[in-house]
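The lines below spell out each chain.
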2 protein chains.
Amino acid sequence: MSKRMDMQKESGYDAWLHYRRNRKVKNLPAWCKVIVVQEADEVLHTAASELQHGLSSMFGQQPRISAVPVSAPFIALGTFQEHAWVAERFSPEEQAEVSTEGYRIRGMGTPNPAHSTSHDNKDIKGTHVTVAGQTSKGVLYGVFHLLRYLQGGLDGKLDPTSEESLQAPILDVLSNPANSIRMINHWDNMDGSVERGYAGASIFYDNHAFTTNMDRLRDYARLLASVGIQALSINNVNVHHVETELITATFLPDVARVAAVFRAYGIQIYLSINYASPIQLGGLTTADPLDPGVAEWWQAKAREVYAAVPDLGGFVVKADSENRPGPFSYGRHHADGANMLADALRPYGGRVIWRCFVYDCKQDWRDRKTDRARAAFDHFKPLDGLFRDNVILQIKNGPMDFQVREPVSPLFGALKATQVLLEFQIAQEYTGQQRHLCYLVPQWKEVLDFDTYAQGKGSTIKRIVSGALHSKSDSVSSRRKAIVHVGSGSFQEEQTSPSPKRGNYGIAAVSNIGADANWTGHLLAQSNLYGYGRLAWDPELSADEIANEWVRLTFSGQGTEDASADLIPAIKQMLLDSWNIYESYTAPLGVGWMVSPGHHYGPDVDGYEYSMWGTYHFADCRGIGVDRTTATGTGYAGQYFSPHADIYESTDTCPDELLLFFHHVPYTHTLHSGQTVIQHIYDTHFEGAERAAQLKDTWISLREQLNEGIYEQVLERLEHQAEHAKEWRDRINTYFYRKSGIADQKNRPIY
Amino acid sequence: MSKRMDMQKESGYDAWLHYRRNRKVKNLPAWCKVIVVQEADEVLHTAASELQHGLSSMFGQQPRISAVPVSAPFIALGTFQEHAWVAERFSPEEQAEVSTEGYRIRGMGTPNPAHSTSHDNKDIKGTHVTVAGQTSKGVLYGVFHLLRYLQGGLDGKLDPTSEESLQAPILDVLSNPANSIRMINHWDNMDGSVERGYAGASIFYDNHAFTTNMDRLRDYARLLASVGIQALSINNVNVHHVETELITATFLPDVARVAAVFRAYGIQIYLSINYASPIQLGGLTTADPLDPGVAEWWQAKAREVYAAVPDLGGFVVKADSENRPGPFSYGRHHADGANMLADALRPYGGRVIWRCFVYDCKQDWRDRKTDRARAAFDHFKPLDGLFRDNVILQIKNGPMDFQVREPVSPLFGALKATQVLLEFQIAQEYTGQQRHLCYLVPQWKEVLDFDTYAQGKGSTIKRIVSGALHSKSDSVSSRRKAIVHVGSGSFQEEQTSPSPKRGNYGIAAVSNIGADANWTGHLLAQSNLYGYGRLAWDPELSADEIANEWVRLTFSGQGTEDASADLIPAIKQMLLDSWNIYESYTAPLGVGWMVSPGHHYGPDVDGYEYSMWGTYHFADCRGIGVDRTTATGTGYAGQYFSPHADIYESTDTCPDELLLFFHHVPYTHTLHSGQTVIQHIYDTHFEGAERAAQLKDTWISLREQLNEGIYEQVLERLEHQAEHAKEWRDRINTYFYRKSGIADQKNRPIY
């Protein structure tokens, strides 16, 4: 205890990049003493600095950066094209296996003899470590990979506390990102608020001006680059009055300053724009995309914007959605709207990211025929093939809006000739608002692994959003394997080879960070930011692997050293259980939306029931759920390819967890689990609240192994969660008991 | 139509004081040409100015103000004590009948011979009109009374469009206010917002500073004085950080400036204070009322405040309520808390108005034993008799919080040795927020006429809050009658004689005004401000009489002249029907609270059902309502005196409109009306929505008779109301149909 108390309270600001001093290792390993970088490239400079910082922090001694190879061991960073020494470490075939933003790491000439027979050493040359890529961005990602190894966040295969292991690690890594676009969307407003932000104010803006705290932005860029994020939209998709001016001389110099900070970390900036800008900014009377004056206005605007920020990624557009302006106002469709902008951005290599979150938000709750779930498909499927090649449609993972449980959007796969981005939400808008623990990687994994059958079996979401399915370049046979040897162990990483046609595909996600000291409000919610980046890079990683990485990186070396061994599996298990726990005590069986409009923090069973948002459960004294079948309901189930259309159509085959999303059933309906719907509600809610309380108990049991600052801030959140889970339990159970009149079989307290 | 279009659009700013030009009368009547005022008194000066303004506006010619009587006819304004000519018009007995703020109006020596036998002329002296009082405030109220007569707002007895009638009116009026304190409470915050304000921003504050628009405040003072309001608290009872400083040198000069504006209209200013001021402002560690340092701090503070505003009315205090600080924090009771402040204010004649709105706002909805309705009685009844004589307890009309229907608070009458103020809410927080029409005078009348039986039959609320019941000076035999002769008619006004002991009794109400051009958002909501003032002056006035006055004053002369005759009864009927209409389509049978927490603008049947506010309906699939009986419920019914305790205890005798407030009954329970509860819900909601639509239709039918500006602004509100009433109808009906499974007997659409 005294040891714990001696330590300074940590805030969590350093997140997974704290690089705590490795107390088991006295000296900087020999091969870490010099970093060789020849190329005069900003991102390579960043890579070298990050490596230098990480190594000196972990080993208490600062490596030297050199522009030429030295005779002593060193680490070389460079591109195949520009750095001859680096290029020589790899055969032409090996170089060709690396995609634009991928990397190879290779090193040491003195493998541990004990393992010398267990792997093939033919590729290992010299007594150095080399981090190489086609581009400097690839090298930067490789450096962060190496740092993760050295921090010990890698599945226990490397023991960074072993001097011997560190002196002679064996590395042969090939890693290519599966997705070309790995983006984060900020919903930050210039007044400093963050729409659906649960971690304090914006780090970008305050009081309608840009922040002056560039250090904070740089630290954010480090976090993002360390997990491979390379695209960032910096303002809310709901573009209000002041934010509309971001593309004017008023703010473009600020945008350029921010872009410079992120550029150094290989991150491209995007701006969300107001579709009505020609009216607000240009004084035109229309924003009609087919009006030549409007098109000209945007062309001139693009010229102005790209003069200020030549490498701007492009525009993100929420049009004709939730009261935002768009082409519908002028009787035009979304392809008209997007293409006009795309033509304006084309000369500069800019992209238009066009959101498909378009639905009738003035729906009448009395009308059971209109179904919001159908909307994205109904709006965009007919436009397939009509978009320019620098337009990308951004589609939310589910048909509604980031509920704890939704089916996968049927628009994926249905678009056969249109580039798409998958949109996740790291911000826990409907999943506990970073006051409840909800590790979202398992949810995202389910989405990515979902097989749409769009082109037969194997048409998974991850292959659609990476562009692999439609570019036909991805097949199991083309996947390469690279052997990775680390320390005294070895394992294999399977990586997807690069596809030149996939530049306009990928994943975006809504940010969960803010100005809170620990970035994410709930410290454990950092795992979602980390996990999102890792998964966007490599969707084959399992939720367990990512959790393991994040927990090791974040917590190792934090408490007393001997205790840490318990800590890591315990926290990992908390993460892995958390989505299921959250789901169990909130809205049951896929029905969703049992929260209050406005703040979206439940419980409020009828909160959305009589609203205009298209979000209903239709519970009455007999049953509950939304009939979305083709036979008797809204027909939404028919938007899926076979076999899902059939699976969802029938209560016999519909998965329990989505039953109420697709069907209105009596409370006495028997689930596949063998339980009735009403008893399932009671059981899961009682159990869920108990399991939430156990999360807190687990944390308390780890107290001695945790830094006090970290312990306390997380405990406060878990205590709230445990209490709030009881509130969810009692309100949901009471609501359904009062409505159905059916008693709990186990006679537990319901009010 | 063309005539209408020619007129300038009115905003409603002049409210009932517009004094439109009397087009039927060419010249200023002879007796109006000179106003004689001898006394150098600010309020008398105001009275003369108001009279001069009103007369010149109505008759197109400005009267002269003179300090001495002239030989021509004139109007004399003055007090019995200081103005000898005025005093001579009344016998000592007649003077003694006038209370501190009452008045007599007397005039002309040449009655119409045709009516000379119909009334007693002995009191009529001279060829002048005299407005007299004990104080200049009384004279001011008398002047506004006279102006009301001349505007034609008096029950059709005076015809201001008749030259003959105007030249020879016969006036003999005695009017004394029933209540000594006739107060309005502002819930204005210094950031410019108004808590529960539905008519724009505050007219007092903006951006944490006082307004510089003193003209607007003066115009507000005119409106208030014209209906007899003489006390005004100018800041929200929830006193936030900045507002706490109102009693410091930072803001006291501003308070003094505002006080000066209202002082000229006979209105005394009060400040709401933060009970924790000694901590925030004084740097003390406690606000314990029994701590001598705290008491000294308040004594010094009172000295400072009264140095700045010598006639400040005192402090309004919301303590230990809805998270406000108070004596409970220190283990003290409310008498300790109030008396300490009262002692500090006593040297300056200040009062402490202490609100009884104290209840547990952190209640657990699972707990059916705790009953918020009981709270005021439970907290304050035991303290009866313990308060200083400059403490007044302010009690809301009902036990909950200004719902459209509540029983009368049982605390009235239960306090036998404590001074009380009755609190109404003019702001339509729960009654349509000034977007729905809801003329509240009928509701207030029911409260005032409610017989508590505290001291046997006749212990009405109006006698309790006027101080009459407890001062024993009020009895039927002591009530005097004064004959009033006006124009060609005559009628009687029954007035209560003054009671010297009633200085610390009366009525307060929460303001409904804001910076909107028409003061109240909904123009017709001006009737509630008007009606509140008139009722506080004279609770014997009927809702019909007050509506008639207000409609005549507001609308006469507005449209084409010949059409106005239809207008007045039509609008009056809209007002009189409106409370019942609003009640019928909202929360049924007294249960209340079917609105969303936060904004309180419904419908949201379960909005408060699982909250911590103590506001539940307990609807399940079998029935609804709160059991507040002594036999099986919370015992609230037992807080009433007999016979109400018994009447409310049994469903056999409980009035239908309060049934669900006192009882939990099955939906199939049969009401006294003969209808079941569920069918009553369906019927009233279908009918209520239809009647709301009829309000709009009536208004449309009056279009030609209305100023276009007035017509349009009210139409917009009535159209919204008609639509929103349908939403209420459908949501309430659907909720109960889904919950009960019982179909409407008439098979109307329920969803």
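In the nomenclature of an unreviewed UniProt entry, chain A corresponds to Xylan alpha-1,2-glucuronidase from the organism Paenibacillus kribbensis. What UniProt states about chain A under its Catalytic activity (unreviewed entry) heading is, verbatim, "Hydrolysis of (1->2)-alpha-D-(4-O-methyl)glucuronosyl links in the main chain of hardwood xylans." According to UniProt, the comment filed for chain A under the heading Sequence similarities (unreviewed entry) is "Belongs to the glycosyl hydrolase 67 family."

1. Describing the overall build of chain A
Helices and strands together make up the secondary structure of chain A, namely 24 helices and 20 strands. Counting every position in chain A, which comprises 751 residues, the buried fraction comes to 65%. Carbon together with sulfur atoms contributes 50% to the accessible area of chain A, which is approximately 24800 Å² in total. Charge separation in chain A, taken as the distance between the mean sites of 71 positive and 89 negative side-chain charges, equals 2 Å.

2. As for the interface of chain B and chain A
Between chain B and chain A, the contact holds 22 residues from the first and 22 residues from the second. Interface area for chain B against chain A, summed over the two sides, is near 2100 Å², with a carbon-plus-sulfur share of 48%. Three residues stand out in chain B for area buried against chain A, namely Arg-366, Tyr-610 and Arg-738 of chain B, and they jointly supply 37% of the buried area on that side. The salt bridge involving Asp-730 of chain B is made with Arg-366 of chain A; its shortest N-O contact spans 2.5 Å.

3. Notes on the state of the cysteines
Residue and element names in this part refer to chain A. Here the structure, examined in full by the defined rule, presents zero disulfides over all chains. Cys-361 carries a free sulfur, and the closest cysteine sulfur to it, the one in Cys-356, is 16 Å from it. With a relative accessible area of 6%, Cys-361 lands in the buried category.

4. A word on the domain arrangement of chain A
Residue and element names in this part refer to chain A. Once the domains are mapped, chain A shows domain 1 (10-175), domain 2 (181-467 + 505-541) and domain 3 (588-626 + 664-740). The C-alpha centroid of domain 2 is placed 34 Å from the C-alpha centroid of domain 1. At the interface, 22 residues of domain 1 touch 25 residues of domain 2. Roughly 2000 Å² of surface becomes buried between domain 1 and domain 2 when both sides are summed, with 55% attributable to carbon and sulfur atoms. At the junction of domain 1 and domain 2, the tally comes to two salt bridges. Among the ionic pairs, Arg-222 bridges to Glu-50, the shortest N-O distance being 2.8 Å. Here domain 1 and domain 2 share twelve residue pairs in polar contact (both at pLDDT 80 or more) between them. Of all the secondary structure elements, the ones that give two or more residues to the side of domain 1 that touches domain 2 are helix H2 (42-59) and helix H5 (136-151). Residue classes in the side of domain 1 that touches domain 2 are distributed as ten nonpolar, six polar and six charged.

5. Brief notes about the UniProt feature "active site" (unreviewed entry) in chain A
Residue and element names in this part refer to chain A. In this numbering, the UniProt entry assigns the feature "active site" (unreviewed entry) to Glu-322, Asp-401 and Glu-429. Tracing the sequence through the fold places Glu-322 in the loop between strand E12 (314-317) and helix H12 (334-345). Sequence-distant contacts of Glu-322, defined by excluding residues within four places in its chain, comprise Phe-357, Tyr-359, Cys-361 and Trp-613. Relative to the assigned elements, Glu-429 resides in the loop between strand E15 (420-425) and helix H15 (441-449). Setting aside residues no more than four positions away along its own chain, Glu-429 makes contact with Trp-187, Arg-196, Tyr-198 and His-600. A polar atom in the side chain of Glu-429 sits 3.1 Å from the side chain of Arg-196.

6. Topic: H2 of chain A
Between its first and last C-alpha, H2 of chain A extends 26 Å over 18 residues, near the 26 Å set by a 1.5 Å rise per residue. Counting buried residues along H2 of chain A, 13 of its 18 residues qualify, which places the element largely inside the surrounding structure.

7. What about the relation of the copies chain B and chain A?
When chain B is fitted to chain A, the residual RMSD is 0.0 Å, and the transformation amounts to a turn of 180° plus an axial shift of 0.1 Å. Read as a symmetry element, the transformation amounts to a two-fold axis. Relative to the rotation axis, the closest C-alpha in chain B is found at Lys-739 of chain B, a distance of 2.8 Å. Interface overlap between copies: 100% of the residues of chain B at the interface are likewise at the interface in chain A, consistent with a symmetric, same-surface contact.

8. Brief notes about the packing of aromatic side chains
Residues and elements named next belong to chain A. Evaluated as defined, the whole model comprises 76 aromatic pairs over all chains. Judged by centre distance (5.9 Å) and plane angle (25°), the ring pair of Tyr-220 and Trp-519 falls under stacked. Remark: Trp-519 occurs in the loop between strand E18 (506-510) and helix H18 (526-537) and Tyr-220 occurs in helix H7 (residues 214-226); sequence separation between them is 299 residues. With respect to burial, Tyr-220 and Trp-519 carry one shared label: buried.

9. Describing the side chain of Arg-222 of chain A
Residue and element names in this part refer to chain A. Here Arg-222 shows up in helix H7. Classification of Arg-222 as buried rests on a relative accessible area of 14%. Residues in contact with Arg-222, not counting those within four places in the same chain, are Leu-17, Tyr-19, Glu-50, His-53, Phe-144 and Tyr-265.

10. A word on the sheet that holds strand E5 (residues 129-133) of chain B
Picture the strands of a sheet paired through backbone hydrogen bonds; they go either parallel or antiparallel. Residues and elements named next belong to chain B. Across the sheet, which stays open at both edges, the six strands sit in the order E2-E1-E3-E5-E4-E6 with mixed pairing between neighbours. The open sheet terminates on both sides in strands that have one partner only, identified here as strand E2 (64-66) and strand E6 (171-175). For this sheet, the mean inter-axis angle between neighbouring strands, taken without regard to orientation, is 15°. By the bridge criterion, three bridges tie strand E1 (residues 34-37) to E2 in an arrangement that is parallel. Across the sheet, the residue bridging to Val-36 is Ser-66, located in E2. Sheet strands touched by helix H5 (residues 136-151): strand E3 (75-79), strand E4 (103-107), E5 and E6. Its angle to E4, the strand with the most contacts, is close to 50°.

11. Brief notes about the environment of Asp-538 of chain B
Along the chain, Asp-538 of chain B turns up in the loop between helix H18 (526-537) and helix H19 (543-555). Separated by 360 residues in the primary sequence, Asp-538 of chain B and Ala-178 of chain B have C-alpha atoms spaced 5.6 Å apart.

12. Looking at the pattern of salt bridges
Per the stated rule, a full pass over the model turns up 78 salt bridges over all chains. With its nearest N and O atoms 2.7 Å apart, the salt bridge here joins Asp-364 of chain A to Arg-366 of chain A. We classify Asp-364 of chain A as partly exposed; its relative accessible area is 33%. In this structure, the salt-bridge partner of Arg-534 of chain A is Glu-549 of chain A, at a minimum N-O distance of 2.8 Å. With Arg-534 of chain A in helix H18 and Glu-549 of chain A in helix H19 (residues 543-555), this residue pair connects regions lying 15 residues apart in the sequence. Summarising the burial analysis for this pair, Arg-534 of chain A and Glu-549 of chain A share the class buried. Among the ionic contacts, a cluster of salt bridges with common partners joins Asp-364 and Arg-366 of chain A together with Glu-727, Arg-729 and Asp-730 of chain B.

Definitions and limits used
Every chain's residues receive numbers from 1 upward, in the order its sequence appears when written. Chains and ligands are labelled sequentially in the order written, the chains with letters from A and the ligands with numbers from 1. The predicted origin of the model limits local features to residues at a pLDDT of at least 70 and limits the giving and counting of side-chain atom pairs to 80 or more, whereas totals for whole chains, interfaces and linings rest on all residues. Side-chain calculation: all heavy atoms of the structure are included, whereas hydrogens and water are not. UniProt positions are given in the numbering used here, feature names are shortened, and annotations may be inferred rather than shown by experiment. The secondary structure listing takes helices from DSSP runs of H or I that are at least 4 residues long and strands from runs of E that are at least 2 residues long, numbered from the N terminus. Burial classes follow relative accessibility: with a 1.4 Å probe on protein chains only, a residue under 20% of its type's maximum area counts as buried, one over 50% as exposed, and anything between as partly exposed. Accessibility throughout is a Shrake-Rupley quantity obtained with a 1.4 Å probe, and a residue counts as covered only by protein chains that appear here. Working convention for charge: Lys and Arg count positive, Asp and Glu count negative, and His plus the chain ends are omitted. Where a charge sits is defined by one atom per residue type, namely NZ (Lys), CZ (Arg), CG (Asp) or CD (Glu). Contacts are assigned to residue pairs with any non-hydrogen atoms lying within 4.5 Å of each other. Here's the idea: put two parts together, see how much 1.4 Å probe accessible area each one loses, and the total over both is what we call buried area. One side-chain nitrogen of Lys or Arg within 4 Å of one carboxyl oxygen of Asp or Glu is enough to make a salt bridge. Our working definition of a disulfide is a cysteine sulfur pair at a distance within 2.5 Å. Boundaries of every domain are those given by an automatic assignment or by a domain database. Pairs of N or O atoms within 3.5 Å make up the polar contacts considered here, provided that, within protein, one atom can donate a hydrogen while the other can accept it, and that residues adjacent in sequence are counted only when both atoms are side-chain atoms. Amino acids are sorted into nonpolar (Ala, Val, Leu, Ile, Met, Phe, Trp, Tyr, Cys and Pro), charged (Asp, Glu, Lys and Arg) and polar (every other residue, Gly among them). Every helix has an expected span of 1.5 Å times one less than the residues it contains. A least-squares fit on C-alpha atoms brings the copies together, and the residues used are those whose pLDDT is at least 70 in both copies. Pairing of aromatic side chains requires ring centres within 6.5 Å, counting the rings of Phe and Tyr and the six-membered ring of Trp. Pairs whose planes differ by under 30 degrees are stacked, by over 60 edge-to-face, and all others tilted. One requirement defines pairing of two strands: DSSP has to find at least two bridges between them. Simply put, an axis is a line fit to the C-alpha atoms, just over the touching stretch for a helix, and the angle between two N-to-C directions goes from 0 to 180 degrees.

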